[in-house]
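Single-letter residue listing:
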Amino acid sequence: MTRSDFDTFCATLPATSHVIQWGNSSVWKVGGKIFAICSIWGEDNEEKIAFKCSDLSYSLLSEQDGFRPAPYLARAKWIQMTRTDALSKEELKDYLTAAHRIISGKLTRKQRADLGLAS
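Enquirer: How would you explain the pairing of strand 1 (residues 16–21) if you had to name every residue and give the values?
Expert: Bridge count between strand 1 and strand 2 (residues 25–30): 6 bridges; the pairing is antiparallel. By the bridge assignment, H18 is partnered in strand 2 with W28. Here strand 1 folds back onto strand 2 in antiparallel fashion, the turn holding 3 residues, of which W22 has a positive phi close to 55 degrees.

This is the structure:
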């Protein structure tokens, strides 16, 4: 998935906002909390996607080729794709949707209501 594809898909998720920060990183948020990032990380100078995931997904993905715990965010169960072909486009969309759901689920009831998200 290209950065453009990533941005286009994340924009379809409900109540999202987008900012460019940390030196041109594409950062997607729901309720002001980050759920996915596309950025150039590491020495290879290639864009990589990182996202929040469930404890189980984090455990499984971190052991597979093409993934690693996301720099600076691993403690919070974030995964970074180290290869663009580590997931199909549809699989990545599923993980991004799940990341959005995890983060929006941590918002207060009032925040979710204000954003028009189901409680």
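So, next bit.
Enquirer: Before we move on, can you summarise the sheet that holds strand 2 with the specific residues and values?
Expert: Ordered by their spatial adjacency, 6 strands build an open sheet running 1-2-3-4-6-5, and the pairing between neighbours is antiparallel. Here the strands that pair on one side only, and so sit at the sheet edges, are strand 1 and strand 5 (67–69). Pairs of neighbouring strands in the sheet enclose a mean axial angle of 25 degrees, with direction left out of account. Here strand 2 pairs with strand 3 (residues 33–40) via 5 bridges, running antiparallel.

Basis of the calculations
Residues numbered from 1 in each chain as written. Predicted model: local features only at pLDDT ≥ 70, side-chain atom pairs only at ≥ 80, totals over all residues. Heavy atoms only, no water. Pairing = 2+ DSSP bridges. Helix = DSSP H or I, 4+ residues; strand = E, 2+ residues; numbered from the N terminus. Axes fitted to C-alpha atoms, helices over the stretch in contact; angles between N-to-C directions.

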